[in-house]
Amino acid sequence: MTTAYYLLNNYTSSSLTLDPAASGFGLRAVPSSSDTALPFTFSPIASTTFVKICTTITSTSYCLDVWGDKKTVPHLSEEGNYSGQQWSVANAGNGLVKFSNQYTGSGWYLDVYGDTNGATMSQSDYAGQYWKQIAVSRTGTFCFACEVTLSDRWILQRCQVAS
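Residues numbered from 1 in each chain as written. Predicted model: local features only at pLDDT ≥ 70, side-chain atom pairs only at ≥ 80, totals over all residues. Heavy atoms only, no water.

Student: Break down the packing of aromatic side chains for me, citing the residues and quoting the values.
Tutor: For the coordinates displayed, the defined rule picks out 3 aromatic pairs. When the ring of Phe25 is compared with that of Tyr62, the centres are 4.7 Å apart and the planes differ by 45°; the resulting orientation is tilted. Taken together, the positions of Phe25 in the loop between β2 (17–18) and β3 (27–28) and Tyr62 in strand β6 (residues 60–65) put the pair 37 residues apart, joining distant regions of the chain. A relative accessible area of 32% means that Phe25 is categorised as partly exposed. Taken together, the aromatic side chains of Tyr5, Phe42 and Phe99 make up a single cluster linked through ring pairs. Directly above the aromatic system of Tyr103 lies the positively charged group of Lys71, at a separation of 4.7 Å from the ring centroid. Lys98 extends its terminal NZ or CZ atom over the ring of Tyr109, reaching a point 4.1 Å from the ring centre. (Phe/Tyr/Trp six-rings, centres within 6.5 Å; stacked < 30°, edge-to-face > 60°. Helix = DSSP H or I, 4+ residues; strand = E, 2+ residues; numbered from the N terminus. Buried < 20%, exposed > 50% of the residue type's maximum accessible area, 1.4 Å probe, protein only. Lys NZ or Arg CZ within 6 Å of the ring centre and 35° of its normal.)

Student: Can you explain unusual backbone geometry? Please cite residues and give values.
Tutor: Backbone geometry at Ser13 places phi at a positive 55°, although glycine is not the residue there. As for its placement among the helices and strands, Ser13 is situated in the loop between β1 (4–9) and β2. Note on Ser13: relative accessible area 58%, which makes it exposed.

Student: Quick rundown of the state of the cysteines? Include the residues and the values.
Tutor: Enumeration over the complete set of coordinates arrives at 1 disulfide. Through a disulfide, Cys54 is tied to Cys63; the S-S separation comes to 2.1 Å. The sign of the 80° torsion about the S-S bond sets the Cys54-Cys63 disulfide as right-handed. Assessed through its relative accessible area of 6%, Cys54 is described here as buried. (Disulfide = S-S within 2.5 Å.)

In short, shape yes, function no, at least from these values alone.
Given below as structure tokens:
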């Protein structure tokens, strides 16, 4: 069984969710009791240093993606062989990571807008570019005592569920 992770944004202290105000499976990280955190899996892409970051909605696999002329608008799209679905995960220290995308290019990171908390890709170094991977146990509860390690440029996280 593949471990799934909630992606908790360092700026908003909220998990990545679908944005009901955005079209095309837009994303946000807004504190709200009505939003359901999306559990994501990380799958290495063969012969690359990239991973796919995917979730399942109504039995269909959707991946974190950036496409089209607007290379700064992340959203979910059906899983496919697209450069917009190829992500690098960089260890940012203190249990945090930063996500960059092959299609958007190096130096651009998954971020949230300061006013709407909608997902975007941005340059520079903003608090919203830092994320924590929170493992989801088989029962849907969080696990504890997580350890993040960097191995071959992609993040592995081992957790022990508290008994």
